[in-house]
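# Residue-level structure breakdown
Now for the letters of each chain:
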Amino acid sequence: MVSVSVRDNNVDQALKVLKKKMQREGIFREMKLRRHYEKPSEKRARESAEAVRRSRKMDRKRRDRDGF
């Protein structure tokens, strides 16, 4: 559960902190996915595409770190 305390009646700052926490937790992404029904075949395709993106990103980082 995400919670934010408001200090000195500074609601704008509290909203900014809340949005950042929600973004980090992935709540916005999950809300977007749950907006509409996703067929199982679409879900598999999306998850495999995400896995490919993650592996490519890790390979890029590994190559940059190792100096290739």
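In case you missed it, the structure is sitting above this.
Let me begin by describing the structure that accompanies this report. Keep in mind that what you see is a predicted model, and the values were worked out from it rather than measured.

Calculation rules
- Residues take numbers from 1 onward in each chain, read along the sequence in its written order.
- With the structure being a predicted model, the display of local features is reserved for residues of pLDDT at least 70 and the display and counting of side-chain atom pairs for 80 or more, all residues being used for whole-chain, interface and lining totals.
- Water and hydrogen atoms were dropped before computing side-chain values, which therefore reflect all heavy atoms in the structure.
- Helix and strand definitions here come from DSSP, where helices need a minimum of 4 consecutive H or I residues and strands a minimum of 2 consecutive E residues; each element is numbered from the N-terminal end.
- To estimate how far a helix should extend, the number of its residues minus one is multiplied by 1.5 Å.
- Whenever a nitrogen or oxygen atom comes within 3.5 Å of another N or O atom, the pair is scored as a polar contact, on the condition that within protein one atom can donate a hydrogen and the other can accept it, and that pairs from neighbouring residues in sequence are kept only if both atoms are in side chains.

## Regarding helix H1 (residues 11–25)
Each α-helix winds once per 3.6 residues, and so residues spaced three or four apart point in a common direction. With 15 residues, H1 ought to run about 21 Å at 1.5 Å a step, and its terminal C-alpha atoms sit 21 Å apart, in line with that. For H1, the N-terminal cap is Asn10; the gap from its side-chain oxygen to the backbone nitrogen of Gln13 is 3.4 Å. With its phi angle positive at about 85 degrees, Gly26 sits one or two positions after the end of H1.

## Describing helix H3 (residues 40–66)
Here H3 is 27 residues long and its end C-alpha atoms lie 39 Å apart, about the 39 Å a rise of 1.5 Å per residue gives. Of the residues one or two after H3, Gly67 is the one with positive phi, at around 85 degrees.

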